[in-house]
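Working through the structure, step by step
For reference, the chains in residue letters:
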Amino acid sequence: MSADSAQSGGLAITGLVKRYGTVEAVAGIDLEIQRGEFLTLLGPSGSGKTTLLMMIAGFQDATAGDILLDGRSIVATPAEKRNFGMVFQGYALFPHMSVRDNIGYALSVRKRPRREIAGRVEEMIDLVQLQGMEDRLPAQLSGGQQQRVALARALAFAPPVLLLDEPLGALDRKLRIEVQAQLKDLHERVGTTFIYVTHDQEEALSMSDRVVIMQSGRIEQVGTPQELYSRPRTRFAATFLGKSNFLHRDGRVWALRPEKIDLHVGSSGDDRTTGKILSQTYFGSVLNYRVETTEFGVLEVDVDAWRGGAALRPGTVVSIGWHDEAVVPLED
Amino acid sequence: MKPGFSTRFNRFAAWVLLMFLVLPALVAIPVSLTPRRFLSMPQGEYSLRHFETLFGSPAWMSSFAQSAVIAVSAAFLATVLGTLCAIGLWRIASRAAEAIRALLLLPLVVPPIISAMAFYRLFVPLGLMDSYAGMILAHAVLGAPLVLITVSASLAGFDPKLEQASRNLGASTFTTMRRVILPSIRPGVLAGALFAFITSWDEIVVTLFITRFSIYTLPRRMWNGIRENTDPTTAAAAVVLLAVTLVVFLIWVLLQRRARALNPQPE
């Protein structure tokens, strides 16, 4: 199936706007999505990420701008003719249909021969490992199984693009991490372009080729997870993806990740400042300290918990240092 | 633990109220079993002679058939119209749609006698008086709002994402309605159809206004039977009328239970 779906699936979005009355839910988006890419739209609720996805799916009309699939405009194409697979929030499985009929639905409405549908459904069942569940109703499946049926249903007609609207939101944390790995693996096998909406930074970082950070209907920053994490361009990008300290120096604001700060008792050669520990919190893998420094105000510092030995008590005086490349200048 | 006085009193009062509501409807049953020739309570002796008369009478039998044909056809028409209307209003989902919905429910609120006069005024020039077509049309108008209510209630619990999912998978509006929306709201559609059937089955006011000689439904013949003589055959007919209504109601109850068992609300 990677053969048929990898033929197309490149999207270009230009000047896309969605206005409700005077409110701009999507306020001018320009974005190129490569075929076969795993792209994540990341943002808080109200950032316009879901509206953007719904416009790509064809459920929302664009107020202005264009969406091109492999160079052809699709804004005038109704949702049912766009041939985009979609995994809905809450899955939206048809409750009165068996797993088999859910997965075969897209082919059956396309009037494909019975034999072809049966073969394809079996293929998809194998792909998402639901053997033996074919005749169950969605209500008889666990959340994780429902999620896999939704994936199989959306991929059954080999769409060039798969849209995913917070597909892991309903799963508990342990299962979510498992499914993240499965999704990434599935993406590599089918070769379809994935456009994934989430507000969860961990999901964005762990699965995506590129992440689009959105806020107030606009793109804040686009890049690979590594780029976004190590070189955030704005204060919003720095705090929404990971945690950050902000230093005010030379009339600019600089971002400094808590784990890139070196903290020790006593002094060494390349200390930047000294400070006093205000509090410490244990997170299992890391120990987080809040340190009142003499030059930069309160800084958060993350230390590998296994390295630190005994936790330092509040009031302890410490030296603090970092490498030059750890601080990143911000635009705002 | 023994129930206290107020609990016992409440229970007793509830039973009295229930009897007050139900017993008058059941009074036809003993009366229909009287061995005498006039309407009376049987005293010690019971007889099925009035049922014999009822089922042996071509006039009564034709009334049964007429009532059944009209009720089934009217229920079918009301169900189609009411369902389409409910789905249409659900899809529009605006303030105007709510206003239209209120307007469509008017036949339920308007006193039957007013509806009856309206049908009379309308049917005379249209030549629909005293005809099957006219009866079916009038009863469908009375039943459609009930279907609108039950189907709208089903649609309120329908996840609009299912419709989006169907379209996203390539289904046209019509296919989506047939394969996704209708199966999901089937309990509401069936309930509406049953209510529309019962509405037509025992309707008398409108019927009296728009029929003359050829249409003689069961309620109309009972009405005449009571007015012109005190023949207990009428009581026997009432028992059959009641029995059919109860059976339909029972079907509805069973459907509700099955729908709940098949479709437990996920989360």
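First, a word on scope: everything that follows refers to the structure included in this document. (Residues numbered from 1 in each chain as written. Chains lettered and ligands numbered in written order. Predicted model: local features only at pLDDT ≥ 70, side-chain atom pairs only at ≥ 80, totals over all residues. Heavy atoms only, no water.)

1. Observations regarding unusual backbone geometry
- You will see that Glu166 of chain A, though not glycine, has its phi angle at about 40°, which is positive.
- Looking at Glu166 of chain A, the relative accessible area reads 11%, which means it is buried.
- Unlike most non-glycine residues, Ala93 of chain B shows phi in positive territory, near 45°.
- Among the secondary structure elements, Ala93 of chain B is positioned in the loop between α4 (58-92) and α5 (95-104).
- Look at Ala93 of chain B and you get exposed, because its relative accessible area is 56%. (Buried < 20%, exposed > 50% of the residue type's maximum accessible area, 1.4 Å probe, protein only. Helix = DSSP H or I, 4+ residues; strand = E, 2+ residues; numbered from the N terminus.)

2. Structural notes on the sheet that holds strand β9 (residues 210-215) of chain A
Residues and elements named next belong to chain A.
- An order of β6-β7-β8-β3-β9-β10 is seen for the 6 strands of this open sheet, with the pairing classed as mixed. Looking at which strands have only one partner, the edges of the open sheet turn out to be β6 (85-87) and β10 (218-223). Averaged over all pairs of adjacent strands, the angle between their axes in this sheet comes to 20°, without regard to strand direction.
- Here β9 runs beside β10; their pairing, made up of 5 bridges, is antiparallel. Bridge pairing in β10 places Val211 opposite Gly223.
- Packing of helix α2 (residues 49-57) onto the sheet brings it into contact with β3 (38-42), β6, β7 (161-165), β8 (193-198) and β9, and relative to β7 it is tilted by some 145°.
- Relative to the sheet, helix α5 (residues 143-155) contacts β6 and β7, its axis offset from that of β6 by approximately 170°. (Pairing = 2+ DSSP bridges. Axes fitted to C-alpha atoms, helices over the stretch in contact; angles between N-to-C directions. Contact = heavy atoms within 4.5 Å.)

3. Digging into the pattern of salt bridges
- Counted under the stated rule, the structure contains 16 salt bridges over all chains.
- With a shortest N-O distance of 3.1 Å, Arg167 of chain B and Glu80 of chain A are connected by a salt bridge. Within this pair, whereas Arg167 of chain B is found in helix α9 (residues 160-168), its partner Glu80 of chain A is found in the loop between β5 (72-73) and β6, the two belonging to separate chains.
- Owing to a relative accessible area of 17%, Glu80 of chain A belongs among the buried residues under this scheme.
- Salt-bridge contacts for Arg120 of chain A lead to Glu123 of chain A; the nearest nitrogen and oxygen are separated by 2.8 Å. (Salt bridge = Lys/Arg side-chain N within 4 Å of Asp/Glu carboxyl O.)

4. Re the interface of chain B and chain A
- Contacts between the two partners involve 18 residues from chain B, matched on the other side by 25 residues from chain A.
- Here chain B packs against chain A, burying approximately 2000 Å² in sum over the two surfaces, 59% of which is carbon and sulfur.
- Three residues, Asn168, Leu169 and Arg179 of chain B, lead the burial of chain B against chain A; their summed loss comes to 36% of the area buried on that side.
- Put simply, chain B and chain A have 1 salt bridge between them.
- For the pair chain B and chain A, the number of links is 8 residue pairs in polar contact (both at pLDDT 80 or more).
- Those elements giving two or more residues to the side of chain B that touches chain A turn out to be α9 and α10 (173-184) of chain B.
- Here the side of chain B that touches chain A takes 7 residues from α9 of chain B, the largest share from any one element.
- Partitioning the side of chain B that touches chain A into residue classes produces 7 nonpolar, 8 polar and 3 charged. (Buried area = accessible area lost by both parts, 1.4 Å probe. Polar contact = N/O pair within 3.5 Å; in protein donor to acceptor, adjacent residues only side chain to side chain. Nonpolar A, V, L, I, M, F, W, Y, C, P; charged D, E, K, R; others polar.)

5. Topic: helix α3 (residues 49-56) of chain B
Residues and elements named next belong to chain B.
- Among all positions in α3, only His50, Phe51 and Leu54 are buried. With its buried residues spanning 100° around the axis, α3 presents them on a single face. Of the exposed residues in α3, the ones pointing more than 90 degrees away from its buried face are Glu52 and Gly56. (Arc of directions from axis to C-beta.)

6. Points about a nonpolar patch on the surface
Residues and elements named next belong to chain B.
- A contiguous nonpolar surface patch, about 980 Å² in accessible area, is contributed by Trp15, Leu17, Leu18, Met19, Phe20, Leu21, Val22, Leu23, Leu26 and Ile29.
- The biggest single contributor to the nonpolar patch is helix α1 (residues 5-26), with 9 residues.
- Its location among the elements puts Val22 in helix α1.
- Here Val22 falls in the partly exposed class, since its relative accessible area comes to 38%. (Patch = residues over 30% accessible without salt bridge, like charges linked within 9 Å, V, L, I, M, F, W, Y side chains within 5 Å. Areas by Shrake-Rupley, 256 points an atom, 1.4 Å probe, with all protein chains shown as cover.)

7. Here's the deal with α9 of chain B
- If you check which residues of α9 of chain B are buried, you get Leu162, Glu163, Ala165, Ser166 and Asn168 of chain B.
- Of the surrounding secondary structure, the elements contacted by the buried residues of α9 of chain B are β6, α3 (99-109) and α5 of chain A together with α4 and α10 of chain B.
- Two or three places before Lys161 of chain B, at the start of α9 of chain B, stands the capping residue Asp159 of chain B, its side-chain oxygen 2.9 Å from that residue's backbone nitrogen.
- One or two steps after α9 of chain B, the chain reaches Gly170 of chain B, where phi turns positive at roughly 105°.

8. What to know about the sheet that holds β5 of chain A
Residues and elements named next belong to chain A.
- Strand order in this open sheet of 4 strands is β2-β1-β4-β5, and the pairing throughout is antiparallel. The sheet is open, and its two edges are formed by β2 (23-33) and β5, each paired on a single side.
- The sheet contact formed by strand β1 (residues 11-20) and β2 spans 8 bridges and is antiparallel. By the bridge assignment, Lys18 is partnered in β2 with Val26.
- Taken strand by strand, α2 contacts β1, β2 and β4 (64-69), and its axis lies near 115° from that of β1.

9. So, the environment of Val99 of chain A
Residue and element names in this part refer to chain A.
- By the secondary structure assignment, Val99 is in helix α3.
- Owing to a relative accessible area of 1%, Val99 belongs among the buried residues under this scheme.
- For the pair formed by Val99 and Ser230, sequence separation is 131 residues and the distance between their alpha carbons is 43 Å.
- Here Val99 is in contact with Ile125, Met133, Glu134, Arg136, Leu141 and Val149, once residues within four sequence places are set aside.

10. Let's talk about the packing of aromatic side chains
- Counted under the stated rule, the structure contains 12 aromatic pairs over all chains.
- Between the aromatic rings of Phe38 of chain A and Tyr196 of chain A, the centroid separation amounts to 5.7 Å while the plane-to-plane angle is 40°, which identifies the pairing as tilted. Within this pair, whereas Phe38 of chain A is found in strand β3, its partner Tyr196 of chain A is found in strand β8, the two being separated by 158 residues in sequence. Per residue, the accessibility class of Phe38 of chain A equals that of Tyr196 of chain A, and both read buried.
- When the centroid spacing of 5.6 Å and the interplanar angle of 35° are considered together, the rings of Phe249 of chain B and Trp252 of chain B count as tilted. One end of the pair, Phe249 of chain B, and the other, Trp252 of chain B, are both in helix α14 (residues 233-262), 3 residues apart, so they sit about a helical turn from each other. (Phe/Tyr/Trp six-rings, centres within 6.5 Å; stacked < 30°, edge-to-face > 60°.)

11. Concerning the side chain of Glu166 of chain A
Residue and element names in this part refer to chain A.
- Along the chain, the position of Glu166 falls in the loop between β7 and α6 (173-190).
- Of note is the side chain of Glu166, whose polar atom sits 2.9 Å from the side chain of His199.
- Once residues within four sequence positions are removed from consideration, Glu166 is found in contact with Lys49, Gln89, Val197, Thr198 and His199.

12. So, the packing of α4 of chain B against α10 of chain B
Residues and elements named next belong to chain B.
- Orientation of α4 relative to α10, taken along the N-to-C sense of each, is 105°, at an axis distance of 13 Å. It follows that α4 is roughly perpendicular to α10 by the angle criterion. Of the residues in α10, those in contact with Thr83, Leu84, Ile87, Trp90 and Arg91 of α4 are Thr173, Met177, Ile181 and Leu182.
- Residue composition of the contact of α4 with α10, by class: 6 nonpolar, 2 polar and 1 charged. (Parallel < 35°, antiparallel > 145°, perpendicular 65-115°, else oblique.)

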